[in-house]
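Each chain is listed here by its residues.
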Amino acid sequence: DVANMLTGVTPVANGGTALSSGFNNGKLLQVVKSTVTTSATETTSTTAVEIDSDLRCTLTPASTSSKFMVQFFTTVKCYATENMAFGIYRKIGSGSFAKVNDGAGTEAFRQRNSEIMQLSTTLLIYDHPNTTDAVIYTPYFWCPSTGTVTINDNGMGSFTLATEVSS
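Residues numbered from 1 in each chain as written. Predicted model: local features only at pLDDT ≥ 70, side-chain atom pairs only at ≥ 80, totals over all residues. Heavy atoms only, no water.

Enquirer: So what's going on with the pattern of salt bridges? Residues and values would help.
Expert: Taken as a whole and judged by the stated rule, the model has three salt bridges. Between Lys77 and Asp153 there is a salt bridge, with the nearest N and O atoms lying 3.5 Å from each other. Here the residue Lys77 occupies a position in strand 7 (residues 67–78), and Asp153 occupies one in the loop between strand 13 (149–151) and strand 14 (159–165), the gap between them amounting to 76 residues. Using a relative accessible area of 14% as the deciding quantity, one classes Lys77 as buried. Salt-bridge contacts for Arg90 lead to Asp127; the nearest nitrogen and oxygen are separated by 2.5 Å. One end of the pair, Arg90, is in strand 8 (residues 83–92); the other, Asp127, is in strand 11 (residues 117–127), with 37 residues separating them in the sequence. With a relative accessible area of 8%, Asp127 lands in the buried category. (Salt bridge = Lys/Arg side-chain N within 4 Å of Asp/Glu carboxyl O. Helix = DSSP H or I, 4+ residues; strand = E, 2+ residues; numbered from the N terminus. Buried < 20%, exposed > 50% of the residue type's maximum accessible area, 1.4 Å probe, protein only.)

Here it is in structure tokens:
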């Protein structure tokens, strides 16, 4: 196991690892991975829509000080003169989905007005939901003005990975 070969890496419950020497910023508490989806999914919506509920990660934070690193791995395709964007949304408890603040921008990724683009990409956000209620993270996509965005073209896979870290 490569992780166990690294200095300062300690095995933790459920086969995970935590960096234990030289790092005082917390410990890995849990990692949740969504289902891998391979079906092509597309949208022409100009407002954000959930890509697929199978890409959701649900976690119950150990404490209100827990932090989350959420990653969305996908392949994407869009055409010249079309726009597309992705963002990570979260739902706390029985609330509704809302975009997670990803800095000064309005989305985590955008392709704008170039040739056909087809690539694998990863979105990454760092979040502090300040709750012990269940939290659901899920990716959304949209076309800010015109176009079509497609994920998993040619059967490539997508999934979401959420990691909880203690403070």
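After that view, the rundown keeps rolling.
Enquirer: Got a sec to walk through the nonpolar core? Specific residues and values, please.
Expert: Counting 23 residues, the largest nonpolar core has Phe86, Ile88 and Tyr137 as the members making the most contacts within it. Among the elements that line this core, the one with the most residues is strand 7, at five residues. Contacts of Ile88, omitting those with residues within four sequence positions, involve Val70, Phe72, Ala98, Lys99, Val100, Leu123, Ile125, Tyr137, Thr138 and Pro139. Core analysis: the next-biggest nonpolar cluster, separate from the first, contains six residues, Tyr89, Phe97, Ile136 and Tyr140 among them. (Core = buried A, V, L, I, M, F, W, Y, C linked by side-chain atoms within 4.5 Å. Contact = heavy atoms within 4.5 Å.)

Enquirer: Can you break down the environment of Ser39 residue by residue, with the values?
Expert: Along the chain, Ser39 falls in the loop between strand 3 (28–33) and strand 4 (41–43). The exposure class of Ser39 is exposed, given its relative accessible area of 52%. Taking the C-alpha atoms as reference, Ser39 lies 7.7 Å from Asp153; in sequence the two are 114 residues apart. Beyond its immediate sequence surroundings of up to four residues, Ser39 is in contact with Ile151 and Asn152.

Enquirer: Give me the packing of aromatic side chains: which residues, what numbers.
Expert: Two numbers describe a pair of aromatic rings. These are the distance of the centres and the angle of the planes. Counting across every chain of the model gives six aromatic pairs. Through successive ring pairs, a cluster of aromatic residues spans Phe72, Phe86 and Phe141. Its end group placed over the ring of Phe159, Lys33 keeps NZ or CZ at 5.1 Å from the ring centre. (Phe/Tyr/Trp six-rings, centres within 6.5 Å; stacked < 30°, edge-to-face > 60°. Lys NZ or Arg CZ within 6 Å of the ring centre and 35° of its normal.)

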